[in-house]
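# Tertiary structure, described
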Amino acid sequence: MAHSPVILVVEDEPAQREVLAYNIAAEGFDVLTADSGDEALLIARETTPDLIILDWMLPNVSGIEVCRQLKSGTQTARIPVIMLSARSEEVDKIRGLETGADDYVTKPYSLAELLARTRSQLRRTRPSSVGETLEYEDIKLDTSAHRAFRGDAQINLGPTEFRLLTAFMERPGRVWSREQLLDRVWGRDIYVDSRTVDVHVGRLRKALRGGGEGDPIRTVRGAGYALG
Ligand code: CA
């Protein structure tokens, strides 16, 4: 199983929080919940979720303040935030966007619309999680059919190598540390030695070069690996 995107739902109303969490989980996402701004910030910093659905009206620390802090934190700045609000005035909308929120949904919202916007944010940040085809030079990855190609030739990859290649292809040029690859490809709760990463990167390289092509994966000394 590919590591599903993790979505943090921040809502202080228990009934609303549960409905949201239930429906997001039903879409195949992993869900974390927080009932206050403080808890949201704590969870976001600890786990770096793939997306945050953030209610505007929260006791103590407001959604706006949470968003502002998320967007100014080095670890959390890149997490897409969808703000939920009962207020529909344009001025509020603009304020919401000025805090760095990536999208904005007004309550009462349609669940279908919220989910569509969630997928649209993830398409931008984690394209493989919503079944997109990824391309990098002559390598093509069909994430919904679980097939990889180099040029016209299909590449046979084991499940771990497929997930590794997916991570690389979502962010060409990004240098991944072994720790980051472990989190992303094996999941946070599984204990795997970081040497295992080297073994699987080796297998992936071999598979990618099966037709005698060049090695697209770069070893960055002391740092990790990168595609291109
Ligand atoms: Ca609320």
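Throughout, a residue's number is its position along its own chain's written sequence, starting from 1. This being a predicted model, a pLDDT of at least 70 is required before a residue's local features are given, and a value of 80 or more before pairs of side-chain atoms are given or counted; all residues contribute to the totals for chains, interfaces and linings. Only heavy atoms go into the side-chain values, all of them from the structure, while hydrogens and water stay out.

Attention now goes to the packing of helix α6 (residues 159–170) against helix α7 (residues 178–186). Two elements in contact, α6 and α7, have axes whose closest approach is 9 Å; the angle formed by their N-to-C orientations is 115 degrees. In this structure, α6 crosses over α7, and the sense of that crossing is right-handed. Residue-level contacts link T160, R163, L164, A167, F168 and E170 of α6 to L181, R184, V185 and W186 of α7. Angles here are taken between N-to-C directions and fall from 0 to 180 degrees, while the axes themselves are lines fitted to C-alpha atoms, restricted in helices to the stretch in contact. Elements are defined by DSSP. Helices are runs of H or I of four residues or more, strands are runs of E of two residues or more, and each kind is numbered from the N terminus. In this scheme the crossing of two helices becomes right-handed for a clockwise turn of the near helix relative to the far one and left-handed for an anticlockwise turn of less than a right angle. Residues count as neighbours in contact if any of their non-hydrogen atoms are within 4.5 Å of one another.

Turning next to the sheet that holds strand β7 (residues 139–142). Ordered in space as β6-β7-β8-β9, the four strands form an open sheet in which the pairing is antiparallel. Each edge of the open sheet carries a strand with a single partner, namely β6 (133–136) and β9 (153–155). Looking at each pair of strands side by side, their axes are set apart by 25 degrees on average, direction ignored. One requirement defines pairing of two strands: DSSP has to find at least two bridges between them. Strand direction decides the pairing type here: β6 and β7, joined by four bridges, are antiparallel. Across the sheet, the residue bridging to Y136 is I139, located in β7.

Pairing of aromatic rings covers Phe, Tyr and Trp, the last counted by its six-membered ring, and requires centre-to-centre distances within 6.5 Å; plane angles under 30 degrees mean stacked, over 60 mean edge-to-face, and any other angle means tilted. In total, this model carries one aromatic pair according to the counting rule given. Each ring, one from W56 and one from Y104, has its centre 6.2 Å from the other, and the planes form 90 degrees; the classification is edge-to-face. Linking W56 in the loop between β3 (51–55) and α3 (63–72) with Y104 in strand β5 (residues 103–106), this pair joins segments that are 48 residues apart in sequence. Across the pair, exposure class does not vary: W56 and Y104 are buried alike. Between the NZ or CZ atom of R174 and the centre of the ring of W176, over which it lies, the distance is 3.7 Å. With a 1.4 Å probe rolled over the protein chains alone, any residue whose accessible area is under 20% of its type maximum counts as buried; one over 50% counts as exposed, and the rest are partly exposed. Both a distance and an angle decide whether a charge sits over a ring: NZ of Lys or CZ of Arg must be within 6 Å of the ring centre and within 35 degrees of the ring normal.

As a further point, take the coordination of the calcium ion. The donor set comprises N, O and S atoms within 2.8 Å of the metal, extended to 3.2 Å for Na, K and Ca; water molecules are omitted, so apparent gaps in a site may simply reflect that omission. Taken together, the protein ligands of the calcium ion are E11 (OE), D12 (OD), D55 (OD) and M57 (O), with distances of 2.0 to 2.8 Å. In primary-sequence terms, the residues that donate to the calcium ion follow E-D-x42-D-x1-M. A residue is classified by how much of its surface remains accessible, and D12, at 24% relative accessible area, is partly exposed.

Note on definitions: the grid is 1 Å and covers protein atoms alone; a cavity is a set of points where a 1.4 Å probe fits but cannot get out; a pocket is an open set with protein on both sides within 12 Å along at least five of seven lines; lining residues have an atom within 4 Å of a point. Grid points are joined across faces, edges and corners, and a volume is the space filled by probe spheres set on the points. The computed volume of the largest pocket comes to approximately 660 Å³. Lining the largest pocket are 20 residues, with T48, D50, R171, R174 and R184 sitting closest to its centre. Top contributing element to the lining of the largest pocket by residue count: α7, with three residues. For each domain, the first and last residues come from an automatic or database assignment. There are two domains that each give the lining of the largest pocket at least three residues, and those are domain 1 (6–125) and domain 2 (130–227).

Here we come to the environment of P127. Checked against the element boundaries, P127 lands in the loop between α5 (111–125) and β6. Given a relative accessible area of 12%, P127 falls into the buried group. Linking P127 and R171, residues 44 residues apart in sequence, is a C-alpha distance of 9.9 Å. Apart from the residues lying within four places of it in its own chain, the contact partners of P127 are L122, E132, L134 and E170.

In short, geometric facts, not functional conclusions.
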